[in-house]
Amino acid sequence: MDEVRAVNQRRVDQPQDYIVTVVTLLLYVGVLFAPFCFSWSGLILCFFLYCFSAMGVTLGYHRLLTHRSFKTYPVVRNVIAFAGASAFMGGPLTWVGIHRLHHAESDQDLDPHTPAHGFLWSHLTYIFRRDPADLEHWRFTKDLSKEPFMVFLERYQLLIFIANLSLLYLIGEAYSPAPFGAGLGWSWVIWGGLLRVVLVYNAAGAVNSFGHVFGYRNFETKDSSRNLWWVAILTFGEGWHNNHHASQRLAAHGRRWFELDPTYWCIRALEMCGLAWNVSRPNPAVEGQADSRT
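Being a predicted model, the structure only gives us computed values, none of them experimental.

Caption draft 1: Quick look at unusual backbone geometry. Even without a glycine there, the phi angle at arginine 68 is positive, about 50°. For arginine 68, a relative accessible area of 47% puts it in the partly exposed group. A positive phi is found at asparagine 278, a non-glycine position, where the angle reads about 55°. With respect to the element layout, asparagine 278 can be found in the loop between strand E2 (276-277) and helix H13 (284-287).

Shown next as structure tokens:
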């Protein structure tokens, strides 16, 4: 306990990342206006943009860029990476670097978002402070730093998000469901922009927090990773977190018949269309079979 307390104190004492903190707080404050700006088109837009950006994170940032679970053409790679960047969870170098560091030091002192440093920390607040250990993630992204488009997404993450909100506002204002009716600009900004991003934040955060505390384990791993069905639903298959930690490079995270994995379905669809190849699949002889515990 003393060791954990010392680590917590060391992290709390680190400098505040004021830009990330202020922008995140503004996002959450903006979401408070959602009930007052409701529209059915805004709700539908929120759903579809959530699917687009969340899939960009799971399919693009995670399985393609971080773990190289499959290969694809550069243009497809860039489109999927752009979808990930639209979630406004950091550029590809930052996101991938932190996630690779998470796997290298899973649930250890240098893990950027382990629940061992606090449940809320692992869910969200770790992004508010910059521990010197977190800077180590840059050494994990030397491959992506050679790709100009990835560097572009990394460098202009905030401007891309502002442009996204501006486009939502302009199109929403131009669209009116009735003649001479009021535009839907602010409804689309708050529902399709701010609320959608906050939902993706918390869905991804649930993998880091709930996914290391609650649920069942198919595999014995050196960390506390768990499989949790409702997190898998919100994150299109990422909630089968213990399976993933057991074999990180595999394109499929689900192992049992009920462990549905929509992100893998997308990879299979790309493969059938000739847009993905070298898909990494399980080898039971190497990784072992899932046990019967639930």
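Caption draft 2: Just the packing of aromatic side chains, in detail. Going through the model one piece at a time under the given rule, you end up with 15 aromatic pairs. Note on phenylalanine 88 and phenylalanine 161: the rings are 4.2 Å apart at their centroids and 10° apart in plane angle, and the pair reads as stacked. Of this pair, phenylalanine 88 sits in the loop between helix H4 (74-85) and helix H5 (92-104) while phenylalanine 161 sits in helix H8 (residues 157-174), and the two are 73 residues apart along the sequence. According to the relative accessible area criterion, phenylalanine 88 is buried, its value standing at 9%. In this structure phenylalanine 161 comes out as buried when scored by relative accessible area, which is 7%. Taking 4.9 Å as the distance between ring centres and 90° as the angle between the ring planes, the aromatic pair formed by phenylalanine 119 and phenylalanine 210 counts as edge-to-face.

Caption draft 3: Main features of a nonpolar patch on the surface. A cluster of nonpolar side chains, contributed by Tyr73, Val75, Val79, Leu275 and Trp277, occupies part of the molecular surface with about 450 Å² of accessible area. With respect to the helices and strands, tryptophan 277 occurs in strand E2. Note on tryptophan 277: relative accessible area 31%, which makes it partly exposed.

Caption draft 4: Quick look at the environment of valine 96. Position of valine 96 relative to the elements: it lies in helix H5. On the basis of relative accessibility, which here comes to 0%, the residue valine 96 falls in the buried class. Excluding residues that lie within four positions of it along the chain, valine 96 makes contacts with Tyr61, Leu65, Thr66, Thr141 and Leu144.

Calculation rules
- Residues numbered from 1 in each chain as written.
- Predicted model: local features only at pLDDT ≥ 70, side-chain atom pairs only at ≥ 80, totals over all residues.
- Heavy atoms only, no water.
- Buried < 20%, exposed > 50% of the residue type's maximum accessible area, 1.4 Å probe, protein only.
- Helix = DSSP H or I, 4+ residues; strand = E, 2+ residues; numbered from the N terminus.
- Phe/Tyr/Trp six-rings, centres within 6.5 Å; stacked < 30°, edge-to-face > 60°.
- Patch = residues over 30% accessible without salt bridge, like charges linked within 9 Å, V, L, I, M, F, W, Y side chains within 5 Å.
- Areas by Shrake-Rupley, 256 points an atom, 1.4 Å probe, with all protein chains shown as cover.
- Salt bridge = Lys/Arg side-chain N within 4 Å of Asp/Glu carboxyl O.
- Contact = heavy atoms within 4.5 Å.

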